[in-house]
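Results of the structural survey
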Amino acid sequence: YLNSVFGSAVNINLLLNLFKEGIFGFNITSLLLDLVCISMMGIYIQVFFFNLSPDLFLWILGFTAIAYILKLILIQFLANVFMGRMEALMHLLMHLLFTRVLGLVMLPLLFFALYQPVFDVHELLRVILIIVFSLYMVWLFRLFIKMKSIAAVNIFYLFLYLCTIELSTLAILLRNYIRLG
């Protein structure tokens, strides 16, 4: 299963075939990968932003899970309203693929960053944040290209749609990071 997930990160047609076969959908294995992603994001937020308040971890984990589920619902709703069913499916599948692979990659990286005694934890987490942000921008560009090839809407509307869903959430997170940092 993991080999197929990592292989579909390169080949989008493989991702669509896995979804049609029921392998990459909403099953127990995918749910576990989603939980790994939510947990890794929660741990990252806890250590990077609220290191001095360990009692907030359950709240952070809960809000991370709610935000993850709300984003999936928002993608599904807005893509179906403003675009077509195929565009909604493509955006949702590519988002799920990105977050599941990100959770699997962040698992060893976070544990290495937290339990190694040599480097400063915040500096390592900042490097991980820069790498994840760079990969996210590459993923967003790839999503734009793929959705442009299948969408019947204007490129400008597709750009506005992706800015609304993806970049507005990043702008809110960046604003809060600057305010807290």
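Relevant structure appears above.
Basis of the calculations
- Residues numbered from 1 in each chain as written.
- Predicted model: local features only at pLDDT ≥ 70, side-chain atom pairs only at ≥ 80, totals over all residues.
- Heavy atoms only, no water.
- Helix = DSSP H or I, 4+ residues; strand = E, 2+ residues; numbered from the N terminus.
- Rg over C-alpha atoms; globule rule 2.2 N^0.38 Å.
- Buried < 20%, exposed > 50% of the residue type's maximum accessible area, 1.4 Å probe, protein only.
- Contact = heavy atoms within 4.5 Å.
- Axes fitted to C-alpha atoms, helices over the stretch in contact; angles between N-to-C directions.
- Parallel < 35°, antiparallel > 145°, perpendicular 65-115°, else oblique.
- Left-handed = near helix turned anticlockwise from the far one by under 90°.
- Nonpolar A, V, L, I, M, F, W, Y, C, P; charged D, E, K, R; others polar.
- Polar contact = N/O pair within 3.5 Å; in protein donor to acceptor, adjacent residues only side chain to side chain.
- Phe/Tyr/Trp six-rings, centres within 6.5 Å; stacked < 30°, edge-to-face > 60°.
- Expected span 1.5 Å × (residues − 1).

**What to know about the overall build of the protein chain**
Scanning the protein chain from terminus to terminus reveals seven helices and zero strands. Seen in sequence order, the protein chain has helices and strands lined up from the N terminus as α-α-α-α-α-α-α. Relative to the 2.2 N^0.38 estimate, which gives 16 Å for 181 residues, the radius of gyration of the protein chain is 17 Å and therefore close to what a compact globule would have. Across its three principal axes, the protein chain shows a C-alpha extent of roughly 50 × 35 × 25 Å. The 181 residues of the protein chain split such that 36% are buried. When contacts within the protein chain are restricted to residue pairs at least 6 apart in sequence, long-range pairs at least 24 apart make up 70% of them.

**Comments concerning the packing of helix α3 (residues 28–49) against helix α4 (residues 57–82)**
A pair of packed helices is captured by two measures, namely the crossing angle of their axes and the spacing between those axes. Contact geometry for α3 and α4: axes closest at 9 Å, N-to-C directions at 130 degrees. As far as their axial angle goes, α4 and α3 are oblique. Every pair of crossing elements has a handedness; the one defined by α3 and α4 is right-handed. Packed against α3, whose contacting residues are Asp34, Cys37, Ile38, Ser39, Met41, Gly42, Ile43, Ile45 and Gln46, the element α4 presents Phe57, Ile60, Leu61, Thr64, Ala65 and Tyr68 at the interface. Considered class by class, the residues forming the contact of α3 with α4 number 10 nonpolar, four polar and one charged.

**Topic: the side chain of Gln46**
Here Gln46 lies in helix α3. Within the structure, the side chain of Gln46 is placed 2.7 Å from the backbone oxygen of Phe50, a separation counted as a polar contact. Residues within four places of Gln46 in sequence aside, it is in contact with Asn51, Ser53, Pro54, Leu56, Phe57 and Ile60.

**Things to note about the packing of aromatic side chains**
One pass over the structure, following the stated rule, counts seven aromatic pairs. Geometrically, the ring pair formed by Phe111 and Tyr115 is stacked, given 6.2 Å between the ring centres and 10 degrees between the ring planes. Here Tyr115 and Phe111 lie together in helix α5 (residues 85–115), a separation of four residues that amounts to about one turn. Residue classification places Tyr115 among the exposed residues on the basis of a relative accessible area of 66%. An aromatic cluster is built from Phe98, Tyr136 and Trp139, whose rings are joined through pairwise contacts.

**Describing α4**
End to end, α4 covers 37 Å across 26 residues, agreeing with the expected 38 Å (1.5 Å per residue, within 8%). Of all the positions in α4, only Ile60, Thr64, Tyr68, Lys71, Leu72, Ile75, Leu78 and Ala79 are classed as buried.

These figures come from the coordinates and say nothing about function on their own.
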